[in-house]
Amino acid sequence: MAQDLHELLRSLRVWAPGVTELRPFDPDAAPAEPLALFTGWLAEAAAAGQPEPHTMSLATTGEDGLPDVRTVMLHGADADGWAFATHDTSRKGRQLAARPYAALGFYWPVHGRQIRLRGPVEQAPPGAARADLHARTTGALAAALTGHQSEPLPSLETLNRASEAAWDLARTAPETEVPSWTLYRMRPDEAEFFQGDERRRHVRLAYRREGGGWVKGLLWP
């Protein structure tokens, strides 16, 4: 018998006891800039066993003006911005070329926390993209070498053949370059930190870039 979707949704829990530890969050004690708070929350999520805490939702705008979103991996975060990578020929690469602005979303249910960021996106220098790719695993290089991201795929057999060839090349020539592989940096001008509360008195702390620094303020949940 097919599963009833509405019945399934009603049976699911959010922040179940034994799974989630909702921690206190004092916004008055938060750092003056968002990177420090992000780093602390990421470290706490990883230490608590949150699966893949370095994955994030990346939202862009299509050439048609409509929103698009997918899950990608965070490659770094520093004063230059939050970094991720893809082929510049992929759908998101083309979208960022047309409209170089994006939003990022992190969700760590182990602590009932969300982080949202948005701002302009720039391509890092090609040397930074090469260094980032070749610092990663053989599988990451093989995936990049397979190429054709977002293009129509004739069959899974076509993918298998291309992937096997890419794996062979990645193993035998690990310094092979992938010209289309691009490292992007999103420099947020807005950041929001959400801490869930058992009684739904969620704490939302917003940062907004202003002049040479940041201003902080609370938002209603």
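Look a little higher up for the structure.
All figures in this text were calculated on a predicted structure; none of them were measured in a lab.

Undergrad: Whenever I open this one, the overall build of the chain confuses me. Can you help?
TA: If you tally the helices and strands in the chain, you get 6 helices and 10 strands. A sequence separation of at least 24 residues applies to 66% of the contacts in the chain between residues at least 6 apart. Of the roughly 13,200 Å² of accessible surface on the chain, 54% is carried by carbon and sulfur atoms.

Undergrad: Can you walk me through the environment of alanine 128 in this structure?
TA: Inspection of the secondary structure assignment puts alanine 128 in helix H4 (residues 126–134). Judged by its relative accessible area of 23%, alanine 128 is partly exposed. Residues in contact with alanine 128, not counting those within four places in the same chain, are Leu183 and Arg185.

Undergrad: Can you walk me through unusual backbone geometry in this structure?
TA: A negative phi holds for most residues other than glycine; trans holds for most peptide bonds. Positive phi, close to 55 degrees, is recorded for tryptophan 15, a residue that is not glycine. Relative to the helices and strands, tryptophan 15 resides in the loop between helix H1 (5–11) and helix H2 (34–47). Overall, tryptophan 15 belongs to the buried group, its relative accessible area being 16%. Positive phi outside glycine occurs at histidine 148, with the angle close to 65 degrees.

Undergrad: Just to check I follow, could you spell out the pattern of salt bridges for this structure?
TA: When their charged atoms lie close together, side chains carrying opposite charge are able to pair. All told, the structure shown has 14 salt bridges when counted by the stated rule. A salt bridge links glutamate 63 to arginine 94; its shortest N-O distance comes to 3.9 Å. Here the residue glutamate 63 occupies a position in the loop between strand S1 (55–61) and strand S2 (67–73), and arginine 94 occupies one in helix H3 (residues 91–98), the gap between them amounting to 31 residues. In this structure glutamate 63 comes out as partly exposed when scored by relative accessible area, which is 46%. By relative accessible area, which is 38% here, arginine 94 ends up partly exposed.

Undergrad: Got a minute to help me understand the nonpolar core in this structure?
TA: General note: in soluble globular proteins, nonpolar side chains tend to be found buried as a group. Within the largest apolar cluster, 27 residues are counted, with the highest numbers of intra-cluster contacts made by Phe84 and Phe106. Taken together, the elements giving at least two residues each to this core come down to H2, S1, strand S4 (81–87), strand S5 (101–108), strand S6 (113–123), strand S7 (181–186), strand S8 (190–195) and strand S9 (203–210). The element best represented in this core is H2, accounting for 5 residues. Not counting the four nearest positions on each side in its chain, phenylalanine 106 is found in contact with Phe38, Pro53, Thr55, Met56, Leu74, Trp82, Arg113, Gln114, Ile115 and Leu117. Residues Ala124, Leu141, Ala142 and Ala144 belong to the second largest nonpolar core, which totals 13 residues.

Undergrad: Before we go on, may I ask you to explain the pairing of S6 in this structure?
TA: A regular strand places its side chains on the two faces of the sheet in alternate fashion. Pairing geometry for S5 and S6, over 8 bridges, is antiparallel. Bridge pairing links glycine 105 to arginine 116 in S6. Connecting the antiparallel pair S5 and S6 is a turn made up of 4 residues, with glycine 112 showing a positive phi of about 65 degrees. Bridge count for S6 against S8 is 6 bridges, and the pairing is antiparallel. Bridge pairing in S8 links arginine 118 to glutamate 190.

Undergrad: It is not clear to me how the packing of aromatic side chains should be interpreted in this structure. Could you clarify?
TA: Think of a pair of aromatic rings as described by two things: how far the centres are apart, and how the planes are tilted against each other in angle. If you walk through the whole model with that rule in mind, you get 9 aromatic pairs. With 5.0 Å between their ring centres and 65 degrees between their planes, phenylalanine 38 and phenylalanine 106 make a pair best called edge-to-face. Here phenylalanine 106 lies in strand S5 and phenylalanine 38 lies in helix H2, a separation of 68 residues in the sequence. You can call phenylalanine 38 buried: its relative accessible area is 2%. The class of phenylalanine 106 is buried, set by a relative accessible area of 2%. Through a chain of ring-to-ring contacts, the aromatic side chains of Phe25, Trp41, Phe193, Tyr207 and Trp214 assemble into a single cluster.

Undergrad: Help me out: how do you make sense of the environment of glycine 217 in this one?
TA: With respect to the helices and strands, the residue glycine 217 is situated in strand S10 (residues 213–219). Residue classification places glycine 217 among the partly exposed residues on the basis of a relative accessible area of 29%. With 189 residues separating them along the chain, glycine 217 and aspartate 28 place their C-alpha atoms 9.6 Å apart. For glycine 217, the residues in contact, after removing those within four places along its chain, are Arg204, Leu205 and Ala206.

Thresholds, definitions, all that
- Residues numbered from 1 in each chain as written.
- Predicted model: local features only at pLDDT ≥ 70, side-chain atom pairs only at ≥ 80, totals over all residues.
- Heavy atoms only, no water.
- Helix = DSSP H or I, 4+ residues; strand = E, 2+ residues; numbered from the N terminus.
- Contact = heavy atoms within 4.5 Å.
- Areas by Shrake-Rupley, 256 points an atom, 1.4 Å probe, with all protein chains shown as cover.
- Buried < 20%, exposed > 50% of the residue type's maximum accessible area, 1.4 Å probe, protein only.
- Salt bridge = Lys/Arg side-chain N within 4 Å of Asp/Glu carboxyl O.
- Core = buried A, V, L, I, M, F, W, Y, C linked by side-chain atoms within 4.5 Å.
- Pairing = 2+ DSSP bridges.
- Phe/Tyr/Trp six-rings, centres within 6.5 Å; stacked < 30°, edge-to-face > 60°.

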